[in-house]
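Observations on chain architecture
Listed here are the chains, written in short residue letters.
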Amino acid sequence: MGTEDRPLYIISVAAELVCMHPQTLRLYERKGLINPKRMGKNRLYSQRDIERLQFIQRLTQELGVNLAGVEMITQLQNEIEELKKLLEKLSQDL
């Protein structure tokens, strides 16, 4: 696990960092847009989670994308990342 994936921030701190209400972060988790680590009942957000929240915020507030659109965009991003990893592995195997 890279340092950007290390769980660091409780929900109140994460919400403050991205200027969102903690309930918004919970909604995004229910929608599958973010997946914070759990330590008991506490959600812990990594720096990568914070960056994802900022990206979601940009999509929704600046570009007017609704949450269904955000879901699709993030799903496509995940698929692209997986394909990049696969391509790297294939090129190393050659």
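Presented here is an overview of the structure given in this document. In this text, all values refer to a predicted model and were calculated from it rather than measured experimentally.

Attention now moves to the side chain of Thr74. With respect to the secondary-structure elements, Thr74 resides in helix α4 (residues 67-93). A polar side-chain atom of Thr74 sits 3.0 Å from the main-chain carbonyl oxygen of Glu71.

Counted according to the given criterion, the structure contains eight salt bridges. With its nearest N and O atoms 2.4 Å apart, the salt bridge here joins Arg48 to Asp5. Residue Arg48 is found in helix α3 (residues 47-62), and its partner Asp5 is found in the segment before β1 (9-10); the two are separated by 43 residues along the sequence. We classify Asp5 as partly exposed; its relative accessible area is 23%. A salt bridge links Asp93 to Lys89; its shortest N-O distance comes to 3.3 Å. With Asp93 and Lys89 both in helix α4 and four residues apart, the pair spans about one turn of that helix. There is no split in this pair, since Asp93 and Lys89 are both exposed.

Two strands pair when backbone bridges link them, and β1 and strand β3 (residues 42-45) are joined in this way by two bridges, in the antiparallel orientation. Each residue of the ladder has a partner; that of Ile10, found in β3, is Leu44. Pairing geometry for strand β2 (residues 37-39) and β3, over three bridges, is antiparallel. Paired with Met39 across the two strands is Asn42, which belongs to β3. What sits between β2 and β3 in their antiparallel hairpin is a turn of two residues, with Gly40 showing a positive phi close to 70 degrees.

A word on α4. The α-helix advances 3.6 residues per turn, and as a result positions three or four apart in sequence lie on the same side. Spanning 27 residues, α4 covers 39 Å between terminal C-alpha atoms, matching the ideal 39 Å at 1.5 Å per step. Measuring from the backbone nitrogen of Ala68 back to the side-chain oxygen at the start of α4 gives 3.3 Å, which picks out Asn66 as the cap.

Strand order across the open sheet formed by three strands is β1-β3-β2, with antiparallel pairing between neighbours. Pairing within the sheet leaves two strands with one partner each, and these edge strands are β1 and β2. Running over the sheet, α3 touches β1 and β3 and is turned about 80 degrees from β3.

Before going further, it helps to spend a moment on unusual backbone geometry. In this structure, Cys19 takes a positive phi of about 55 degrees despite not being glycine. Mapped onto the fold, Cys19 is located in the loop between α1 (11-17) and α2 (22-30). What makes Cys19 exposed here is its relative accessible area of 67%.

About the thresholds
- Residues numbered from 1 in each chain as written.
- Predicted model: local features only at pLDDT ≥ 70, side-chain atom pairs only at ≥ 80, totals over all residues.
- Heavy atoms only, no water.
- Helix = DSSP H or I, 4+ residues; strand = E, 2+ residues; numbered from the N terminus.
- Polar contact = N/O pair within 3.5 Å; in protein donor to acceptor, adjacent residues only side chain to side chain.
- Salt bridge = Lys/Arg side-chain N within 4 Å of Asp/Glu carboxyl O.
- Buried < 20%, exposed > 50% of the residue type's maximum accessible area, 1.4 Å probe, protein only.
- Pairing = 2+ DSSP bridges.
- Expected span 1.5 Å × (residues − 1).
- Contact = heavy atoms within 4.5 Å.
- Axes fitted to C-alpha atoms, helices over the stretch in contact; angles between N-to-C directions.

Geometric values such as these leave the question of function open.
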